[in-house]
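Residue strings, one per chain:
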Amino acid sequence: MKRTWLLGTGSYAPSYTLTNEDLEEMVDTSDEWISTRTGIKRRHISKGESCSDLALEASQKALDQAGIEPGEIDVIIVATLTPDTIFPATACWIQKKLEIQDCLSFDISAACSGFLYGLFLADNFLKQGEFHTALVVGSEVLSNFVNWEDRNTCVLFGDGAGAAILRSHHGSEGGNILSKEIGTDVAGIDLLKIPGGGSRMPFSQEVLDKKLHTIHMKGNEVFKNATRTMVLAIENALKKACLSVEDIQWYIPHQANLRIINYVGKKLGIPQKKVIINLQEYGNTSAASIPIALDESLRENTIRKGDRVCLFSFGAGFTYGSIILEV
Ligand code: ACO
């Protein structure tokens with residue numbers, strides 16, 4: 001039987017940080033509001049580094065940990081909603097920076113679920129035998145797409161990148177992706193978006209003046225959808241793997257809001273100590289949030305070889321997913 005093994009992970013965040021106290025100076029908000037409503041304390045902000053710059057740092061760490069050369073990568077999948085350029089894909093820029101002669105490189109636009117979409121595709125590619133080794137990256141420079149005068153959104157987001165190297169292998173040794181539940185429910189497509197700057201509303205002075213090139217979100221509506229959808233996604237992923245909540249050692253949610261995470265955990269009876277949370281440090285880094293948390297907990301030895309980990313996410317679209325892997 002073919003298995004998809006997580007060979008290595010890496011993550012990176014810009015060194016500059018913006019605290020809740022810093023935001024108190026910028027908009028009408030407070031550390032108390034941000035902490036109790038979201039759990040976020042600070043976020044890392046890029047000072048000129050692009051999406052592929054962050055992704056490259058994370059990818060190099062993942063390659064080092066995997067002990068492989070860039071030339072061994074057959075496919076690069078980058079999940080991002082803040083690409084370097086509209087085209088070429090950020091995956092192509094990374095391929096160039098890694099000096100890989102030839103491989104399949106493309107981006108995914110699935111907002112906060114992008115990394116799970118990437119894992120989904122990589123697992124299918126590898127298990128079908130088309131490719132041997134995949135680099136999946138979630139990387140975001142959301143700070144360039146935030147309206148820093150809008151307290152409803154600017155306190156939530158941060159920049160960062162996380163990467164994973166996956167390799168197909170035969171036999172019973174090593175880890176595997178055990179089940180995948182992934183999808184999109186477009187019922188709330190207008191509740192979370194960047195309305196301007198695309199082909200529907202091209203860049204213009206009006207787009208800039210009205211800041212339509214920045215993130216617009218009906219937070220409380222998104223909140224309700226996120227909780228309901230993620231509970232269902234986890235239940236379905238567990239069912240597909242013939243596992244129960246107790247069979248999973250670690251849960252890694254998309255790091256958007258502590259209250260959403262706690263709600264999902266309570267609904268499914270997941271003990272809090274099994275849920276990995278780092279949003280206090282990074283805020284919501286969209287597609288990067290899950291791979292950053294995964295990398296940190298593997299490097300800290302919180303997650304150990306043989307553990308089963310359930311990843312779950314929710315994002316604009318609404319995209320959602322839950323993937324269970326054995327590391
Ligand atoms: N500081 C102080 N007050 C604020 C702030 C702030 N930063 N932001 C909003 N408020 C106020 C509002 O104006 C409102 O005031 P009012 O009652 O006088 O009108 C009040 O706080 C409550 O606002 P709500 O939006 O109802 O607050 P809520 O408890 O829903 O929290 C939040 C807002 C944190 C955005 C939450 O709704 C949330 O996390 N939503 C989901 C986000 C998410 O999961 N997104 C998906 C992934 S992101 C992606 O795909 C890119």
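Owing to the predicted nature of the structure, the values given are computational and were not obtained by experimental measurement.

Cut-off values and rules
Residues numbered from 1 in each chain as written. Predicted model: local features only at pLDDT ≥ 70, side-chain atom pairs only at ≥ 80, totals over all residues. Heavy atoms only, no water. Core = buried A, V, L, I, M, F, W, Y, C linked by side-chain atoms within 4.5 Å. Buried < 20%, exposed > 50% of the residue type's maximum accessible area, 1.4 Å probe, protein only. Helix = DSSP H or I, 4+ residues; strand = E, 2+ residues; numbered from the N terminus. Domains from an automatic or database assignment. Contact = heavy atoms within 4.5 Å. Pairing = 2+ DSSP bridges. Axes fitted to C-alpha atoms, helices over the stretch in contact; angles between N-to-C directions. Buried area = accessible area lost by both parts, 1.4 Å probe. Parallel < 35°, antiparallel > 145°, perpendicular 65-115°, else oblique. Left-handed = near helix turned anticlockwise from the far one by under 90°. Nonpolar A, V, L, I, M, F, W, Y, C, P; charged D, E, K, R; others polar. Near = heavy atom within 4 Å. Polar contact = N/O pair within 3.5 Å; in protein donor to acceptor, adjacent residues only side chain to side chain. Areas by Shrake-Rupley, 256 points an atom, 1.4 Å probe, with all protein chains shown as cover.

The biggest cluster of nonpolar side chains holds 41 residues, and the ones touching the most others in it are Ile-234, Tyr-251 and Ile-324. Those elements giving two or more residues to this core turn out to be α8 (219–240), α9 (258–268), β12 (308–315) and β13 (319–326). For this core, the element with the most residues is α8, which contributes eight residues. Each of domain 1 (2–170) and domain 2 (177–326) gives at least three residues to this core. If we skip the residues at most four places from it in the chain, Ile-234 touches Tyr-251, Val-264, Leu-268, Cys-310, Phe-312 and Ser-322. By size, the runner-up hydrophobic cluster in this structure holds 30 residues, among which are Ala-134, Val-136, Ile-323 and Val-327.

Moving on: the sheet that holds strand β11 (residues 250–253). Pairing within the open sheet is mixed, and its four strands lie in the order β8-β13-β12-β11. One side of each edge strand has no neighbouring strand; the edge strands of this open sheet are β8 (176–184) and β11. Strand-to-strand twist in this sheet, taken as the mean axis angle between neighbours without regard to direction, amounts to 10°. As defined by bridge partners, β8 adjoins β13 across eight bridges and the pair is classed as antiparallel. If you follow Glu-181 over to β13, its bridge partner there is Ser-322. Sheet contacts for helix α5 (residues 114–128): β8, β12 and β13; angle to β8, the most-contacted strand, approximately 125°. On the sheet, helix α11 (residues 289–299) packs against β11 and β12 and is oriented at approximately 145° with respect to β11.

This part takes up the domain arrangement of the protein. Frequently, the measure chosen for interface size is the accessible area removed from exposure when the parts meet. Structurally, the protein comprises domain 1 (2–170) and domain 2 (177–326). Once you take the C-alpha centre of each, domain 1 and domain 2 turn out to be 14 Å apart. With 51 residues of domain 1 at the interface, the matching set in domain 2 holds 47 residues. Both faces considered, domain 1 and domain 2 share a buried interface measuring about 4,000 Å² in area, 61% of it formed by carbon and sulfur atoms.

We now examine the packing of α8 against α9. When two helices pack together, their arrangement is given by the angle between their axes and by how far apart the axes lie. Running from amino to carboxyl end, α8 crosses α9 at an angle of 40°, the nearest separation of the two axes being 9 Å. With respect to each other, α8 and α9 are oriented oblique. Every pair of crossing elements has a handedness; the one defined by α8 and α9 is right-handed. Contact with α8, carried on its side by Phe-223, Ala-226, Thr-227, Met-230, Val-231, Ile-234 and Glu-235, involves Arg-259, Ile-260, Tyr-263, Val-264, Lys-267 and Leu-268 of α9 and no other residues of that element.

At a minimum axis separation of 9 Å, helix α3 (residues 51–66) and helix α4 (residues 90–97) run at an interaxial angle of 55°. Taken together, the axes of α3 and α4 are oblique relative to one another. For α3 against α4, the interelement crossing comes out right-handed. Seen from α3, the contacting residues are Cys-51, Ser-52, Asp-53, Ala-55, Leu-56 and Ser-59; seen from α4, they are Thr-90, Trp-93, Ile-94 and Lys-97. Residue composition of the contact of α3 with α4, by class: five nonpolar, three polar and two charged.

Let's shift gears to the site of the ligand. By nearness alone, 26 residues border the ligand, and Thr-29, Arg-37, Cys-112, Asn-257 and Arg-259 come closest of all. With respect to the ligand, the side chain of Arg-37 contributes an N or O atom lying 2.7 Å from an oxygen atom. Within the backbone of Arg-151, an N or O atom sits 2.9 Å from a nitrogen atom of the ligand. For the ligand, whose unbound accessible area comes to 1,000 Å², protein coverage reaches 76%. Elements with a contribution of two residues or more to the shell around the ligand: α2 (31–38), α6 (151–154), α8, α9 and β12. Tallying contributions element by element places α8 first for the shell around the ligand, with four residues. Split by residue class, the shell around the ligand holds 13 nonpolar, nine polar and four charged. Lining the shell around the ligand are residues from two domains, each supplying at least three of them: domain 1 (2–170) and domain 2 (177–326).

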